[in-house]
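Tertiary structure, described
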Amino acid sequence: MSAPLYLDYNATTPVDERVLDAMLPFFREHFGNPSSEHAPGWAADEAVTKAREQTARVIGATPRTITFTSGATESISLAIRGAGAIYGGRRHRIVTVATEHKAVLKTCEAMEREGYETTYLPVDANGLVDPAAIEAALDEETFLVSVMWGNNETGVIQPIPEIAEIAHAAGAIMMTDATQAVGKVPISVNHDGVDLLALSGHKMYGPKGVGALYTRQRGPRVKLQPQVTGGGQEAGMRGGTVNVPGVVGLGEAAHIARRAQDADAERLEALRDRFEAAVLDAVPGTIVNAADAPRLPNTTSLRFDGVRAAQLLPVMSGVAASLGAACQSPHRTPSHVLKAMGLTDDQALATVRFSLGRPTTEAEVDAAVGHIVEATQTVRRRLAA
């Protein structure tokens, strides 16, 4: 049985061969602990330093602002909990958006159990939050505004620079979960006004189990209380022996993404548009969710009215896609992102997310359309019988 056409790159990406080549020596030849005071340790520390520089460059930051973590979820927790521990004595409110990733929403819920307050702002039918609503929600009790840069399910891009300006005017910190955006759209933390930014390696052709948090160090400096304590690694921000191979992989993935970003975005947006147009033409009753919003170049959320996605995907075995966020797929519940956009339960459950990647070709896109047409026809015939 041949492997399905992979169109689920927002869930995870394959490790780029160049990334793997950069990582391999640090499993055996250069296995030193970067905290050790000897030649093998110094070699590992030098590799970590290079990776920190590479990771910083992809978001327009300086190396000392980067803390390596186990992934975006840990970075988000460190940002929200760490900021709350420092600023929560004077301010105790978080303002976020209903369409955020569960990593943000669940952390906010946990903070609420500890006495913090969270305002969850609505979005419009295209998944966009109104900056004026953010401004109206801010008060002297707000210490943090958290808005995802690019949505993992719909690809919707929020106006982060505008939101950051509003947050700063109210004396709040601007945080963004940029897990899906880094390497796909231009990001410059200083120009865009971001104070905290979470990213992950495996969303940009790096390894799983490694990520980073950007923390502004000046203009003003943002302080966080570490959430993982230990031997003082990562400038005291995250205890534990540094995952040198993983960090090297993240750095190399960021380096490649920075150089390939513009060309990748142009090619993938063209492929996505080709894919959408073909599916809309061939499958009646198909709708693109958030079609009128600015979106990540590789992402499309398609609704097949009258068909449950959970019925469609098993029949569409020639294509690997998802119901929405990979972490939510096993639950078979309506997407909170789509529900926040005003979709009914039936409409949300009829939605499939397709996300293209660097290896995706025109031939794969065209072949995927054929699989989708055949699968939707099969399911609709069954439902009509």
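Residues numbered from 1 in each chain as written. Predicted model: local features only at pLDDT ≥ 70, side-chain atom pairs only at ≥ 80, totals over all residues. Heavy atoms only, no water.

1. Side note on the overall build of the protein chain
The condition that has to hold: The helix and strand labels rest on DSSP assignments: H or I over at least four residues marks a helix, E over at least two residues marks a strand, and numbering proceeds from the N terminus. Radius of gyration: over C-alpha atoms. The globule rule applied is 2.2 Å multiplied by the number of residues raised to the 0.38 power. Each residue gets one of three labels from its accessible area relative to the maximum for its type: buried under 20%, exposed over 50%, partly exposed in between, using a 1.4 Å probe on protein chains only. It only takes one pair of heavy atoms within 4.5 Å for two residues to be counted as in contact. In this description, accessible areas are obtained by the Shrake-Rupley approach with a 1.4 Å probe, and a residue is regarded as covered only by the protein chains that are shown. Charged-residue counts in this description rest on Lys and Arg as positive and Asp and Glu as negative, His and the chain ends being excluded. To locate a charge, take NZ of a lysine, CZ of an arginine, CG of an aspartate or CD of a glutamate.
Counting its regular elements, the protein chain contains 12 helices and 12 strands. At 21 Å, the protein chain has a C-alpha radius of gyration in line with the 21 Å of a compact globule built from 385 residues. Overall size of the protein chain, expressed as C-alpha extent along the three principal axes, is 70 × 55 × 35 Å. Put simply, the protein chain has 385 residues, and 57% of those count as buried. Summarising the internal contacts of the protein chain: among those between residues at least 6 apart in sequence, 75% fall at separations of at least 24. Accessible surface, the protein chain: about 16100 Å² in total, of which carbon and sulfur atoms supply 52%. Put simply, the protein chain has 36 plus and 44 minus side-chain charges, and the middle of one group is 4 Å from the middle of the other.

2. Digging into the pattern of salt bridges
Stated precisely, the cut-off is as follows: Should a side-chain nitrogen of Lys or Arg be within 4 Å of a carboxyl oxygen of Asp or Glu, the pair is scored as a salt bridge.
For the structure shown, the criterion picks out 19 salt bridges. The salt bridge involving R93 is made with D139; its shortest N-O contact spans 2.3 Å. Pair noted here: R93 is in strand β3 (residues 93-97) and D139 is in the loop between α5 (131-137) and β5 (142-146), with a separation of 46 residues, a long-range link. In this structure, E276 engages R295 in a salt bridge whose closest nitrogen and oxygen atoms are separated by 2.8 Å. In this pair, E276 is assigned in helix α8 (residues 244-282) and R295 in the loop between β9 (286-288) and β10 (299-304), connecting sequence segments 19 residues apart.

3. Focus on the sheet that holds strand β12 (residues 351-355)
Here is the rule we go by: Any two strands with at least two DSSP-identified bridges between them are counted as paired. Whenever a helix is involved, its axis is fitted only over the stretch in contact; in every case the axis is a line through C-alpha atoms, and angles between N-to-C directions fall within 0 to 180 degrees.
Pairing is antiparallel across the open sheet formed by 3 strands, whose spatial order is β9-β10-β12. Both edges of this open sheet fall to β9 and β12, since each of them pairs with a single strand only. Averaged over all pairs of adjacent strands, the angle between their axes in this sheet comes to 30 degrees, without regard to strand direction. Two elements, β9 and β10, share 3 bridges in a ladder whose sense is antiparallel. Bridging from a neighbouring strand, I287 pairs with R303 of β10.

4. Some points on the packing of aromatic side chains
Put simply, the rule reads: The rule is short: rings of Phe, Tyr and Trp, with Trp giving its six-membered ring, pair when the centres are within 6.5 Å, and they are stacked under 30 degrees, edge-to-face over 60, tilted in between.
For the structure shown, the criterion picks out 4 aromatic pairs. With 5.1 Å between their ring centres and 65 degrees between their planes, F275 and F354 make a pair best called edge-to-face. Taken together, the residues span a long stretch of sequence, with F275 in helix α8 and F354 in strand β12 at a distance of 79 residues. Classification of F275 as buried rests on a relative accessible area of 0%. Each residue in the set Y6, Y9 and Y205 is aromatic and connected to the rest through ring pairs, giving one cluster.

5. Observations concerning the sheet that holds strand β8 (residues 211-215)
The 7 strands lie next to each other as β2-β8-β7-β6-β5-β3-β4, forming an open sheet whose pairing is mixed. In the strand order of this sheet, the two ends are held by β2 (66-69) and β4 (117-121), each with one partner. Between one strand axis and the next, the sheet turns by 20 degrees as a mean value, whatever way the strands run. On top of the sheet, helix α3 (residues 72-87) reaches β2, β3, β5, β6 (173-177), β7 (196-200) and β8; it is set at about 160 degrees to β7, its chief contact.

From the geometry alone we can't say anything about function, so treat these as descriptive.
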